[in-house]
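Take a look at the letters that make up each chain.
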Amino acid sequence: MIRVVAALLISVLAQSSPLPGTPFQPWREGYRTINAVEFSPDGQSMFIALETARVAKIEGREPAASAPEIALYESRREGDGWSRPRLLPFAGAYKDYEASLSPDGRWMVFNSWRPAPDGRTSQKNNLWLARRTATGWAEPVYLSAINRHESEESYAAIAPDGVMLFLGEGATDAFGVDYNLYQTRITGDAASPPSPFPPASTAAGEGDPWFARDGSYVIFTRWDRAKSWETDAELFITFKSGDRWTTPIALSELNDPTGPDYAVSIAGSPERIYWKRRGGTFSTEWSPILKAVQARARD
């Protein structure tokens, strides 16, 4: 009985303990970011997906009848704050979100519901690539080697050597679609044929990857497909060791045991980790968490 009471007391204390991180609220006007925020290498630009109707309301105008539900915007650092978000030049006609920037900042991959080059439309995400030129962003290119009309390919993460991870649909079973991570390599504006990313190709659901800027680790979301994603999704990390990846371990220093944790980005000096959980986007200093996780990975 004493053990039962003690266990209950520990559970109550754990649930009442403050969760890590401080709210990330870059604007006062009431913009609401969708999924991950992404930063340029110099930390001076932030790329975000926003609700177009909310943006129009804040700016005191009626949204265009043809405007998509969400679109990609850029905000520039201004002193200690951030500028009003501005629509990216290629955005605003289709549902675009979840931008992932290459470590050198020269190209971006994002989720989109744009028509494929053959004109077919889909109610599922595909991945498109846009390159930054001397005059701005070029028109996005459809990644035909990995996109499939009948399935979802989304949520990219890019390494310095051009390797890209992304979420793809696997087999369907009693628990629904099995989402896993796949890897490809971007050369120019083309992708190589994809293959499974071994640390995140299990019976669990896995997605939402983020590549370390130096390629040394990957953070991703994993959830038990027998449970609700909204209650079970947690952050995991795997480290590169030669040509292999270590067994993923949970980022217990960040994970909320009662709700989902997802949509990671890391930026700044010193580095801060940004992620989504119930209540919005939060951030905290990354270095002490990384050191603790590396120590656990060695044990």
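An account of the accompanying structure is given in this report. Just so we're clear, the structure is a prediction, and the values are computed from it rather than from any experiment. All residue numbers here refer to positions counted from 1 along the written sequence of the relevant chain. Given that the model is predicted, a residue must reach a pLDDT of at least 70 before its local features are reported, and side-chain atom pairs must reach 80 or more before they are shown or counted; all residues, however, enter totals for whole chains, interfaces and linings. The side-chain figures draw on all heavy atoms in the structure; neither hydrogens nor water molecules are used.

Moving on, we get to the sheet that holds strand 24 (residues 280–285). Taking strand neighbours across the sheet as the criterion, the four strands line up as 1-24-23-22 in an open arrangement whose pairing is antiparallel. Across the chains shown, the open sheet's two edge strands, defined by having one partner strand only, are strand 1 (22–23) and strand 22 (262–267). Only when DSSP finds a minimum of two bridges between them are two strands counted as paired. Working definition: helices are DSSP H or I runs of at least four residues, strands are E runs of at least two. Numbering for both runs from the N terminus.

With that settled, the discussion passes to the pairing of strand 8 (residues 107–112). Of all six residues in strand 8, six are buried; the element is thus mostly enclosed. Side-chain alternation along strand 8 places Trp-107, Val-109 and Asn-111 on one buried face and Met-108, Phe-110 and Ser-112 on a second face that is also buried. One ladder, built from four bridges, connects strand 7 (residues 96–101) with strand 8; its direction is antiparallel. The residue of strand 8 that forms the bridge with Asp-96 is Ser-112. Where strand 8 and strand 9 (residues 126–133) come together, six bridges link them in antiparallel fashion. The partner of Asn-111 across the bridge, within strand 9, is Leu-127. The rule is simple: take the accessible area with a 1.4 Å probe, protein chains only, and divide by the maximum for that residue type; under 20% is buried, over 50% is exposed, in between is partly exposed.

Within the secondary structure layout, Asp-208 lies in strand 17 (residues 205–211). Here the side chain of Asp-208 touches Ala-263 through a polar contact of 2.8 Å, landing on its backbone nitrogen. Sequence-distant contacts of Asp-208, defined by excluding residues within four places in its chain, comprise Glu-98, Tyr-155, Leu-181, Ile-219, Phe-220, Thr-221, Tyr-262 and Ala-263. Polar contacts, as counted here, are pairs of nitrogen or oxygen atoms within 3.5 Å of one another; within protein the pair requires one atom able to donate a hydrogen and one able to accept it, and residues that are adjacent in sequence qualify only if both atoms are side-chain atoms. By the convention used here, residues are in contact when the closest approach between their heavy atoms is within 4.5 Å.

Moving on, we come to the environment of Pro-198. Here Pro-198 shows up in the loop between strand 16 (195–196) and strand 17. Note on Pro-198: relative accessible area 59%, which makes it exposed. The spacing of Pro-198 and Glu-285 is 87 residues in sequence and 29 Å in space, taken between C-alpha atoms.

Further remarks concern helix 4 (residues 287–298). For an α-helix, the turn length of 3.6 residues means that residues three or four places apart are oriented alike. Working rule for helices: expected span equals 1.5 Å times residues minus one. Under the 1.5 Å per step criterion, the end-to-end length of helix 4 is 17 Å for 12 residues, consistent within 8% with the ideal 16 Å. Listed in full, the buried residues belonging to helix 4 are Ile-289, Leu-290 and Val-293. For helix 4, the angular spread of the buried residues around the axis is 95 degrees, confining them to a single face. Opposite the packed face of helix 4, turned more than 90 degrees from it, sit the exposed residues Lys-291 and Arg-298. Considering only its buried residues, helix 4 is in contact with strand 18 (217–223), strand 19 (234–241), strand 21 (249–250) and strand 24. Arc definition: it is the arc formed by the directions from the helix axis to the C-beta atoms.

So, about the nonpolar core. Core analysis: the biggest nonpolar cluster contains 31 residues, and Leu-72, Leu-88, Phe-90, Met-108 and Trp-137 have the highest contact counts within it. When contributions to this core are tallied by element, the ones reaching two or more residues are strand 3 (45–51), strand 4 (70–78), strand 7, strand 8, strand 9, strand 12 (153–158), strand 13 (163–173) and strand 18. Not counting the four nearest positions on each side in its chain, Met-108 is found in contact with Phe-47, Leu-72, Leu-88, Phe-90, Ala-99, Ser-100, Leu-101, Trp-128, Leu-129, Ala-130 and Trp-137. Buried residues of nine kinds, namely Ala, Val, Leu, Ile, Met, Phe, Trp, Tyr and Cys, make up a nonpolar core once their side-chain atoms join them within 4.5 Å.

It is worth spelling out the packing of aromatic side chains at this point. Classification of ring pairs rests on two measures: the distance between centres of Phe, Tyr or Trp rings, Trp counted by its six-membered ring, which must be within 6.5 Å, and the angle between planes, read as stacked under 30 degrees, edge-to-face over 60 and tilted in between. Following the criterion strictly, the structure yields 18 aromatic pairs and no others. Measuring from centroid to centroid gives 6.2 Å for Tyr-97 and Tyr-155, while their planes differ by 75 degrees, and the two rings are edge-to-face. Residue Tyr-97 is located in strand 7, and its partner Tyr-155 is located in strand 12; the two are separated by 58 residues in the primary sequence. Taken as a pair, Tyr-97 and Tyr-155 share a single burial class, namely buried. Every member of this aromatic cluster is reached through a ring pair, and the members are Phe-24, Phe-39, Trp-82 and Tyr-274. The positively charged end of Arg-222 is found above the aromatic ring belonging to Phe-236, 4.9 Å away from the centroid. Two limits define a charge over a ring: the Lys NZ or Arg CZ must be within 6 Å of the ring centre, and within 35 degrees of the ring normal. For Arg-277, the ring lying beneath its charged end belongs to Phe-282, and the centroid distance is 3.8 Å.

Here we come to the side chain of Ser-102. Following the sequence through the fold, Ser-102 ends up in the loop between strand 7 and strand 8. At a separation of 2.6 Å, a polar atom in the side chain of Ser-102 contacts the side chain of Asp-104. In terms of polar contacts, Ser-102 uses its side chain to reach the backbone amide nitrogen of Arg-106, at 3.2 Å. In this view, Ser-102 contacts Trp-107, Ile-158 and Arg-213; residues no more than four positions away in its chain are not counted.

Time to look at empty space enclosed by the protein. A cavity here means a set of 1 Å grid points, computed over protein atoms only, where a 1.4 Å probe fits but cannot escape. A pocket is an open set with protein on both sides within 12 Å along at least 5 of 7 lines, and lining residues have an atom within 4 Å of a point. Grid points are joined across faces, edges and corners, and a volume is the space filled by probe spheres set on the points. Within the structure shown, the criterion is met by three cavities of 30 Å³ or more. As a volume, the largest cavity reaches approximately 110 Å³. Taken together, 14 residues form the lining of the largest cavity, with Ala-36, Glu-98, Ala-156, Trp-210 and Val-264 sitting closest to its centre. Where the lining of the largest cavity is concerned, the elements lending two or more residues are strand 2 (33–39), strand 7, strand 12, strand 17 and strand 22. Each residue is assigned to one of three groups, with Ala, Val, Leu, Ile, Met, Phe, Trp, Tyr, Cys and Pro labelled nonpolar, Asp, Glu, Lys and Arg labelled charged, and all others, Gly among them, labelled polar. A class-by-class count of the residues in the lining of the largest cavity yields nine nonpolar, two polar and three charged. By volume, the second largest cavity is sized at about 70 Å³. Lining the second largest cavity, in full, are Ser-112, Trp-113, Arg-114, Ala-116, Arg-120, Thr-121, Ser-122, Lys-124, Asn-126, Tyr-142 and His-149. When the residues that make up the lining of the second largest cavity are grouped by side-chain class, the tally is three nonpolar, five polar and three charged.

So, to be careful, I would describe these as geometric facts and stop short of saying anything about function.
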